[in-house]
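One-letter residues, chain by chain:
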Amino acid sequence: MAQRLSDDEVDSKLSGGWEREGDEIVRVYEFDSYLDGVEFATEVGEVAEEEFHHPEIIIRYEEVEVRLTSHEEGGITEKDLRLADLFDDEF
Ligand SMILES: C[C@H](O)[C@H](O)[C@H]1CNC2=NC(N)=NC(=O)C2=N1
């Protein structure tokens, strides 16, 4: 079971573009079109399902906001950081 990370641990390990907001990590990805964002959100969803660790995804015009936390651990774990990197690989 992944352990909840401290705020300092998260802040030191976060990949570029990601920020910590309380018990979540968040990144806003920007796109040239709405449908490019929709396609990316689908790819994120497929990775999440493969990893069985699911983000909150908000699709807006030309941007997609992705939020991750480990609900069971009540905060941010290595699983969230790993998924963030996997999502970045789809971008
Ligand atoms: C039972 C529990 O819902 C599952 O183990 C998974 C499903 N997807 C999940 N996704 C996220 N982000 N956090 C979880 O704790 C989580 N738990």
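Residues numbered from 1 in each chain as written. Predicted model: local features only at pLDDT ≥ 70, side-chain atom pairs only at ≥ 80, totals over all residues. Heavy atoms only, no water.

With the exception of glycine, most residues fall at negative phi, and the peptide bonds are largely trans. Unusually for a residue other than glycine, F52 sits at a positive phi of about 50°. When you line up the elements, F52 lands in the loop between α2 (34-51) and β3 (56-60). A residue is classified by how much of its surface remains accessible, and F52, at 64% relative accessible area, is exposed. Its identity as a non-glycine residue notwithstanding, E62 has a phi of 65°, on the positive side. Relative to the helices and strands, E62 is located in the loop between β3 and β4 (63-68). (Helix = DSSP H or I, 4+ residues; strand = E, 2+ residues; numbered from the N terminus. Buried < 20%, exposed > 50% of the residue type's maximum accessible area, 1.4 Å probe, protein only.)

On to the pattern of salt bridges. Following the criterion strictly, the structure yields twelve salt bridges and no others. Residue R20 is joined to D11 by a salt bridge in which the shortest nitrogen-to-oxygen separation is 2.8 Å. Between E65 and R67 there is a salt bridge, with its nearest N and O atoms 2.7 Å apart. Across this residue pair, the class does not change: E65 and R67 are buried. In the salt-bridge network here, residues are joined through shared partners; they are E21, E24, R60, E63, E65 and R67. (Salt bridge = Lys/Arg side-chain N within 4 Å of Asp/Glu carboxyl O.)

With respect to the helices and strands, D80 occurs in helix α3 (residues 78-90). No salt bridge is formed by the buried D80. Its closest oppositely charged neighbour is K79, at 7.2 Å. Here H53 takes part through its side chain, which lies 2.6 Å from a polar atom of the side chain of D80. Excluding residues that lie within four positions of it along the chain, D80 makes contacts with I25, H53, L68, T69, S70 and G75. (Lys, Arg positive; Asp, Glu negative; His and termini not counted. Polar contact = N/O pair within 3.5 Å; in protein donor to acceptor, adjacent residues only side chain to side chain. Contact = heavy atoms within 4.5 Å.)

Geometric values such as these leave the question of function open.
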